[in-house]
Amino acid sequence: MTATLRCSSCDARQPFDAPITRCPACGGLLEVDRPDQPADIAARFADRGRCTAWLSRSGVWRFRELILPEARDADIVSWPEGNTPLIERESVSNWAGCRRLTLKHEGMNPTGSFKDRGMTVAVSQARRLGMTGVACASTGNTSASLAAYAAQAGLTGVVLIPAGRTALGKLAQTVAYGARILAVRGDFDACLDLVGRASGSLGLYLVNSINPFRLLGQRTIGFEILEDRRWRAPDWIALPAGNLGNTSAIGAALLDAKRLGLIDRVPRLAAIQAAGAAPFAQSFAGGFAERFTVEAETVATAIRIGNPASHDRAVAVIRGTNGVVTSVTDEEILAAKAVIDGAGVGCEPASAASVAGVRRLVAEGTIGRDDEVVAILTGHLLKDPEILLKAGGGGITEIDPTLAAVEAAIRNG
Ligand SMILES: *Cc1c(COP(=O)(O)O)cnc(C)c1O
């Protein structure tokens, strides 16, 4: 028997694909009635969900031989995290001018950014070391992640954020998970400097991205992209670049994957900065002869960083992967975000820098139109809801509660 829509009040059946949501006979509610299932259903499910071990479900600990083989299962604090999707959207590829563009949505991690991949390892390491508390400076996502993992591990979490400059979603998460929040009257760079000194005097384990265990975890973004592509390297991997921890981590993963024979060539990294926070792009333009510090300003708060802590590591991986560094304006970032949001995907502003950067590099001829490119979306749309509503809340029309008002509003576009 084929599937039908069955009325739960009068039992009348309607075709499965009828465009209705209530029973046309009596107005009752409809249910999907699907009497037959394939006989081999159990085998099919078993095949798809091969791995049932808790730690192997994590997109980080699946790669534990390359991450932290020293950790015993009992040390590990895992959500689990990772296993984020690779997705293709024609409207985004068309906008970027790159036919074979894939998006890796790291906003689909447990706290909505890739920071969870590093945090699971850093907090597990804190537990191995017997620390009682963890601390970080953050533009927001690291604090949300720290707060969640510290709560899970039963450790004190302390975060230093720039007062009044943290995106609402990130701040709300950090409050919810119960970290101690110090809003510093200064910028991110000031927070980072302070937390480095305070963690020493207060006996807290510092889990900023200068922490090597954070970077070990973040390398799995690279491994997972390659594994999902059955170890076929793309031509390029593009990502937003702020403090340069992630650039360094993913670059290291790509070089390791080549060294281990998992891939036969190394994808080129494209690190994208916001024009108002582009000291690394400036350095790249001069052949890395000089290192710069700027007063950072951009709508992309996650990459509003003027003095990137992992500069030297990032130089090594840009060189090692024959990579490039460029910058995009806030207008380009917001235009890319509008296209990504409009595709039903969505991301926070900093994440859109990767797609804006691909578009720019294609236009310049650095990335070929037929190159295979994976652009990393680093954070979830809901991280920064204010930026959307501030822009006027497009799509919202307030009306009286009448049918005429609904019809008028929809017909008039
Ligand atoms: C942290 C973060 C970045 C920047 O990563 P770095 O390691 O600081 O270069 C980019 N996007 C989002 C959403 C982030 O949370």
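Everything below is about the structure shown above.
Residues numbered from 1 in each chain as written. Predicted model: local features only at pLDDT ≥ 70, side-chain atom pairs only at ≥ 80, totals over all residues. Heavy atoms only, no water.

(A) Representation of the pattern of salt bridges. By the definition in use, this model includes 26 salt bridges. For E297, the salt bridge goes to R165, with nearest N and O atoms at 2.8 Å. Residue E297 is found in the loop between helix 10 (279-285) and helix 11 (311-320), and its partner R165 is found in the loop between strand 7 (156-162) and helix 6 (168-177); the two are separated by 132 residues along the sequence. Note that D235 and R265 form a salt bridge whose closest N and O atoms lie 3.2 Å from each other. Here R265 lies in the loop between helix 9 (245-259) and strand 11 (268-274) and D235 lies in the loop between helix 8 (212-228) and strand 10 (236-240), a separation of 30 residues in the sequence. The exposure class assigned to R265 is partly exposed, which follows from its relative accessible area of 37%. Linked by salt bridges that have partners in common, R62, K104, E106, R117, E224, E227 and D228 make up one network. (Salt bridge = Lys/Arg side-chain N within 4 Å of Asp/Glu carboxyl O. Helix = DSSP H or I, 4+ residues; strand = E, 2+ residues; numbered from the N terminus. Buried < 20%, exposed > 50% of the residue type's maximum accessible area, 1.4 Å probe, protein only.)

(B) Just unusual backbone geometry, in detail. That bond from W79 to P80 is cis: its omega, 10°, falls within 30 degrees of zero. Assignment of secondary structure puts P80 in the loop between helix 2 (64-67) and strand 4 (86-87). Positive phi, normally seen in glycine, also occurs at F288, with a value near 60°. With respect to the secondary-structure elements, F288 resides in the loop between helix 10 and helix 11. The phi dihedral of N322 falls on the positive side, at around 55°, and the residue is not glycine. Tracing the chain through its elements places N322 in the loop between helix 11 and strand 12 (324-328). Residue N322 is classed as partly exposed on the basis of its relative accessible area of 47%.

(C) Looking closely at the packing of aromatic side chains. A complete count under the given rule lists 3 aromatic pairs for this structure. Centre to centre, the rings of F63 and F223 are 5.7 Å apart; their planes meet at 40°, and the pair counts as tilted. Of the two residues, F63 is situated in the loop between helix 1 (41-48) and helix 2 and F223 in helix 8; the sequence distance between them amounts to 160 residues. Under the relative-accessibility criterion, F63 is labelled buried at 8%. Take F223: its relative accessible area is 0%, and that puts it in the buried class. (Phe/Tyr/Trp six-rings, centres within 6.5 Å; stacked < 30°, edge-to-face > 60°.)

(D) Inspection of the site of the ligand at higher detail. Close contacts around the ligand come from 15 residues, with K115, N141, G242, N246 and T378 the closest. Separating an oxygen atom of the ligand from a backbone N or O atom of G242 is a distance of 2.8 Å. Out of a free accessible area of 380 Å², the ligand has 97% covered by protein chains. Mapping the ligand onto the cavity grids shows that it belongs to the largest cavity. Partitioning the shell around the ligand into residue classes produces 6 nonpolar, 7 polar and 2 charged. (Near = heavy atom within 4 Å. Polar contact = N/O pair within 3.5 Å; in protein donor to acceptor, adjacent residues only side chain to side chain. Areas by Shrake-Rupley, 256 points an atom, 1.4 Å probe, with all protein chains shown as cover. 1 Å grid on protein atoms, 1.4 Å probe; cavity = no way out; pocket = protein on both sides within 12 Å on 5 of 7 lines; lining within 4 Å. Sits in = over half its atoms within 2 Å of the grid points. Nonpolar A, V, L, I, M, F, W, Y, C, P; charged D, E, K, R; others polar.)

(E) A look at the pairing of strand 6 (residues 133-137). With 5 of 5 residues buried, strand 6 is to be regarded as a mostly interior element. In strand 6, alternate side chains face the same way, and those of G133, A135 and A137 on one face and V134 and C136 on the other are all buried. Assessed by its sense of winding, the connection that carries the chain from strand 6 through helix 5 (residues 141-153) to strand 7 is right-handed. Bridge count for strand 6 against strand 9 (residues 205-206) is 2 bridges, and the pairing is parallel. By the bridge assignment, A135 is partnered in strand 9 with L206. (Right-handed = clockwise from strand over helix to strand, strands pointing away. Pairing = 2+ DSSP bridges.)

(F) The arrangement of empty space enclosed by the protein in detail. Per the counting criterion, the structure on display carries 2 cavities of 30 Å³ or more. When its volume is computed, the largest cavity comes out at roughly 300 Å³. Per element, the largest residue contribution to the lining of the largest cavity is 3 residues, and it comes from helix 9. In this model, the second largest cavity occupies a volume close to 110 Å³. Taken together, T139, P162, R165, D187, F188, D189, A296, T301 and R304 form the lining of the second largest cavity. Class assignment for the residues of the lining of the second largest cavity results in 3 nonpolar, 2 polar and 4 charged. (Points joined across faces, edges and corners; volume = space filled by probe spheres on them.)

(G) Main features of helix 7 (residues 188-202). Its 15 residues give helix 7 an end-to-end C-alpha distance of 20 Å, which sits within 8% of 21 Å, the value for a rise of 1.5 Å per residue. Listed as buried for helix 7 are F188, D189, C191, L192, V195 and S199. Contacts made by the buried residues of helix 7 are with strand 6, strand 7, strand 8 (180-184) and strand 9. (Expected span 1.5 Å × (residues − 1). Contact = heavy atoms within 4.5 Å.)

(H) Main features of the nonpolar core. Counting 57 residues, the largest nonpolar core has W61, V134, L146, V207, L269 and F280 as its most contacted members. In terms of residue count, the dominant contributor to this core is helix 5 (6 residues). Those residues within four positions of V207 in sequence are excluded, and the remaining contacts are M119, A122, V134, A135, C136, T142, L146 and R214. Core analysis: the second largest hydrophobic core is formed by 35 residues, C98, L101, V358 and I367 among them. (Core = buried A, V, L, I, M, F, W, Y, C linked by side-chain atoms within 4.5 Å.)

(I) Main features of the pairing of strand 12. When you tally the buried positions in strand 12, you get 4 out of 5 residues, the bulk of the element. Judged from the 5 bridges that link them, strand 11 and strand 12 form a sheet pairing that is parallel. Bridge pairing in strand 12 places A270 opposite V324.

Nothing here speaks to function; it is all geometry.
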